[in-house]
Amino acid sequence: MEGALTARDKVGVQDFVLLDAHTSETAFVDNLRKRFRENLIYTYIGTLLVSVNPYQELGIYTLKQMELYQRVNFFELPPHVYAIADNAYRMMCSELNNHFILISGESGAGKTEASKKILQYFAAICPMTESLQIARDRLLLSIPVLEAFGNAKTLRNDNSSRFGKYMDIQFDFQGVPVGGQIISYLIEKSRVVYQNQGERNFHIFYQLLEGGEEELLAYLGLERDPQLYKYLSQGHWAKEASINDKNDWKTVYTAFSVIDFTEADLENLFGIIASVLHLGNICFKEDSQGWATIPSTHEIKWIAKLLGFQPSILLEALTHRKIEAKTEEVLCPLTLDLSLYARDAMAKAVYGRTFTWLVNKINSSLVNKDFTRKTVIGLLDIYGFEVFDKNGFEQFCINYCNEKLQQLLIERTLKAEQAEYEMEGIEWEPIQYFNNKIICDLVEERHKGIISILDEECIRPGPATDLSFLEKLEEKVGKHAHFQTRKLAGPKGRKRIGWMEFRLLHYAGEVTYCTEGFLEKNNDLLYRHLKEVLCRSRNSILSECFLVAELENRRRPPTVGTQFKNSLSSLLEILISKEPSYIRCIKPNEGKEPSKFDDFLIRHQVKYLGLMEHLRVRRAGFAYRRKYEHFLQRYKSLCPDTWPHWHGPPAQGVARLIQYIGYGREEYKLGKTKIFIRFPKTLFATEDALEFSKHQLVARIQATYKSCLGRRAYVKKRQAAVTLEAHWRGALARKETRRRKWAVQIIRKLISGFINRNKPLSPDDKEFIVLVRRNYILNLRHHVPKDVLDKSWLRPPAILENASDLLRKMCTRNLVRKYCSEITAERKAQMQQKVVTSEVFRGKKDGYAQSLNQPFADSRIDEEAINPKVLQLICNEKIQYGIPVIKYDRKGFKARQRQLLLTRNSAYVVELAKVKQKIEYSALKGVSTSNLSDGILVIHVFPEDKQKGDAILQCEHIFEVVTKLVMLVKKENIVRVVQGSLQFYISPGKEGTIVFHTGPEEQIYKDKNGQLTVVSARIKS
């Protein structure tokens, strides 16, 4: 419970004893509101449980919840009805004493549901055998039967218990439920004949009409419509949306079979229920003399049939009263009002005694045949304090009952407190509280109390009325401090008390009672004539309820008030002999709406349930007490001496702990087994300190835990690593052994193969051959030629020469194919030209090697640089190639700038706009050049073709020009590379000579001999 204190500002405290302002009703209600808004419907006052009806399912009654609260310390978990039940059960089993749980509250506050939850808890947690299953089922199924006959819809509650119920559950020495007993108190018989607007009669009537089979209803003479019956239609609320009468009927009918009702019992029981409905429909009429008559006997016949007597007898009993003289009996006719009274009295008596028979029947099915000693847990589901706008005889009895129970509660609480103090060796401090014995005496005192005065007024001769009863009260108890009437009250109080009312100052507050109907309800007389008729009934249930012995007893039966007082005294004797537990049920609003909290209504119930008085008594001493072990276990972390373990006695540990915390002497007391803390603020400060220290503790625990996990993981990994390493080393060693064995075998084969390498191959040399091939192939991949010009190749072993040749050819083809696939059309043309150049000049003329890397141009003269007149002169032949050249005269060797233009058919030597020489390829005799690096080119012509003579030209790109000319002429062997000198044709019969030699620098000049001398620079090799 202490763990929830950290959230007390939001959800309140779980125990009202821990409220600082424990005397403030506002603080009490505010704490209830906080918890209700968080769907926390249970709160303690010490060991008393306060329950607020949520009017919705909260999911807190599951089997898991039951197991959670089983065998757990009372204050260890949040407040719950299961905690009350489990505590009573555990104490009963361990101490072998009897207990009772008192459940009280207003109608609609959830008393019946609380008792159901307790029974379900016992059914779930108690050890069970197959033979005891029937007893448990009968105990559980008795609840819907009692609800059907004793519950009804009221303005405040759709399933309001209209009777008090005390249920004893018997357990054997093992804690197994073996039987039970039910006692009922003050069933509201008046509801049978009258209901307020918006209310219903008892559920069984509607269940029978809605769920009964057609054959059953026909046998009982009933129709399904409740509006046809006066006793069911006065409240004008036969149907209720929240009640399913048809399903409830099935449940009740099933329960009858389990509880051991026979077919005859059910037939008689339903006959009684139907006869009550028929009784309500009997109509009376005044005759001419003013006496009552029954014009229609239809209902009389049905009642007579169902209850087993003659219709005429019932007819006479309802309209006449038998008066006994000394020696004779006289029939006196009844007035209309008296006949109606007799009818209603008969209905109430029949239903009331049938309900008592029903309870006894259930008890007979629950009785345990084993007479060994049993322990008992009692459940008292009793009406709470009732204060209405108009309070009658029923409210008077109910509030008197609550006075007695409040007296018992306070006395038992004080007794328990005093016993605990004495047991713990703590000085008992007398507690001032309101002792309501004075009010109980006012009601029940013999010859002087209100009930005795009421009985006297009921039996005295002469006309007794409710007013005369009020006057008698004023006369006998008028001077009592807790009694007031309009006549006795002061000027202010008279306005709030009517002439027929009296007021009692109860422990919970003032209640004003109206005396109208007090005498009639207290008498609850059934005319003797009617009683005789019912005693003669052949209905077995009625014959048990109305005994003939009653007719022989001439004494007046005890009044209702006296019967209730005696029953209450018996009940208190039962309760005093048992250990108590208390549940106070509160209704949060009148509309049965979830999550709605009506402050005014809550305050009203808190007041009339006596919760503030109980809290004041509980808080008069110490607000908090716990065993040393529990207190030390929770708060030991606040003191270094007690954390993490205290090895001494718990009492010394707690003393050391509170000394370290700094409790003042007036804040606590140390008992023999418990610590007592006087003020809630002391506990709150301790709890807040614990909450603050939790973060440090959690961090420390986390660090230690993580270290432990890390260490554990490290050790585990290290062990795994060692194991893996051992296995891996073993695997490596075995692998190495196998490898070496294999290597030895291979080496032997290789040595043998190497020795026999030049001999014919044999199978034994296969490994060697494979190795040689493999090594050669692996080495060859690093020596494969990268292009077609690379002629290198790895030298193969002798045995692989053929394979090597094949591989080399394949590689060459592949390189050639790759090279060719990458050659463009332009590049191909270039290469073709280079091939021609190679055929002509390779190895013949200096400078050839240097020209290989120089690409040939399509033309060295742009078309725009050629004079248009020249283009016209050459007849628009397409120029294939052009290049600037220097032309030397054939006679004087004068150098002149010219252009050499090559077409498909001719070569032209052009000067600006003139064609100086046209050489047709058909007239071309040959082309001569030297073997040196000069650029001299001589184009030879045939003398017969009337050409001017051979053309002596010089150009920079000698290889390019000659190649272009050769490719255009398309003649073989027209180029001649000469050494030393060459002869050229000047004119018919005359030739010139060009001499070639090398020198330090290039020169061209005419020497003394009239020859053209060409000096070429030496090319460095």
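Going by the structure above, here's the rest.
Residues numbered from 1 in each chain as written. Predicted model: local features only at pLDDT ≥ 70, side-chain atom pairs only at ≥ 80, totals over all residues. Heavy atoms only, no water.

**Q** Go over the overall build of the protein, please, and point to the residues and values.
**A** On a plain count of helices and strands, the protein comes out with 36 helices and 31 strands. Relative to a compact globule of 1021 residues, whose C-alpha radius of gyration would be 31 Å, the protein shows 65 Å and is clearly more extended. Projected onto its principal axes, the C-alpha positions of the protein cover 205 × 80 × 80 Å. Counting only residues that meet the buried cut, the protein has 49% of its 1021 residues in that class. Within the protein, residue pairs in contact and separated by at least 24 positions form 63% of the contacts whose partners lie at least 6 positions apart. For the protein, the computed accessible surface area is about 52600 Å², with 52% contributed by carbon and sulfur atoms. Within the protein, the 122 negative side-chain charges are centred at a point lying 14 Å from the centre of the 150 positive side-chain charges. (Helix = DSSP H or I, 4+ residues; strand = E, 2+ residues; numbered from the N terminus. Rg over C-alpha atoms; globule rule 2.2 N^0.38 Å. Buried < 20%, exposed > 50% of the residue type's maximum accessible area, 1.4 Å probe, protein only. Contact = heavy atoms within 4.5 Å. Areas by Shrake-Rupley, 256 points an atom, 1.4 Å probe, with all protein chains shown as cover. Lys, Arg positive; Asp, Glu negative; His and termini not counted. Charge placed at Lys NZ, Arg CZ, Asp CG, Glu CD.)

**Q** Describe in detail a nonpolar patch on the surface, supporting the description with residues and values.
**A** A cluster of nonpolar side chains, Ile 747, Ile 751, Phe 754 and Ile 755, forms an exposed patch at the surface whose accessible area comes to about 410 Å². Here Ile 751 shows up in helix H30 (residues 680-755). (Patch = residues over 30% accessible without salt bridge, like charges linked within 9 Å, V, L, I, M, F, W, Y side chains within 5 Å. Salt bridge = Lys/Arg side-chain N within 4 Å of Asp/Glu carboxyl O.)

**Q** Go over the packing of aromatic side chains, please, and point to the residues and values.
**A** By the definition in use, this model includes 33 aromatic pairs. On the numbers, 5.3 Å between centres and 45° between planes, the contact of Trp 249 with Phe 270 is tilted. Here Trp 249, found in helix H11 (residues 245-258), pairs with Phe 270, found in helix H12 (residues 263-280); they are 21 residues apart in sequence, far enough to count as distant. Comparing Trp 249 with Phe 270 shows no difference in burial state: the two are buried. When the ring of Phe 256 is compared with that of Phe 270, the centres are 6.1 Å apart and the planes differ by 70°; the resulting orientation is edge-to-face. Placement of Phe 256 in helix H11 and of Phe 270 in helix H12 is noted, with a sequence separation of 14 residues between them. A single burial state applies to Phe 256 and to Phe 270, both of which are buried. (Phe/Tyr/Trp six-rings, centres within 6.5 Å; stacked < 30°, edge-to-face > 60°.)

**Q** Lay out unusual backbone geometry in plain terms, naming residues and giving numbers.
**A** In this structure, Pro 644 follows Trp 643 across a cis peptide bond, with omega equal to 0°. Here Pro 644 shows up in the loop between helix H28 (628-635) and helix H29 (650-661). Here the phi dihedral of Asp 260 falls at roughly 80°; this positive angle occurs in a residue that is not glycine. A positive phi angle is found at Phe 893, which is not glycine, with a value near 60°. Inspection of the secondary structure puts Phe 893 in the loop between strand S20 (881-888) and strand S21 (895-902). When its relative accessible area of 9% is taken as the criterion, Phe 893 is described as buried.

**Q** Which residues make up the sheet that holds strand S18 (residues 668-670), and what values do they have?
**A** The strand order S17-S19-S18 describes an open sheet built from three strands, whose pairing is antiparallel. In the strand order of this sheet, the two ends are held by strand S17 (624-627) and S18, each with one partner. Across the sheet, the mean angle separating the axes of adjacent strands is 15° when strand polarity is ignored. Strand direction decides the pairing type here: S18 and strand S19 (residues 674-677), joined by three bridges, are antiparallel. Bridged to Lys 669 within S19 is Phe 676. (Pairing = 2+ DSSP bridges. Axes fitted to C-alpha atoms, helices over the stretch in contact; angles between N-to-C directions.)

**Q** Tell me about the nonpolar core, residues and numbers included.
**A** One finds Phe 122, Phe 149, Phe 205, Phe 256 and Met 346 to be the most contacted residues of the largest nonpolar core, which totals 114 residues. Excluding anything up to four places from it in sequence, Met 346 contacts Leu 279, Leu 307, Leu 314, Leu 318, Leu 526, Leu 530 and Leu 534. Grouped together as the second largest cluster of nonpolar side chains are 84 residues, Val 17, Leu 18, Cys 639 and Tyr 663 included. (Core = buried A, V, L, I, M, F, W, Y, C linked by side-chain atoms within 4.5 Å.)

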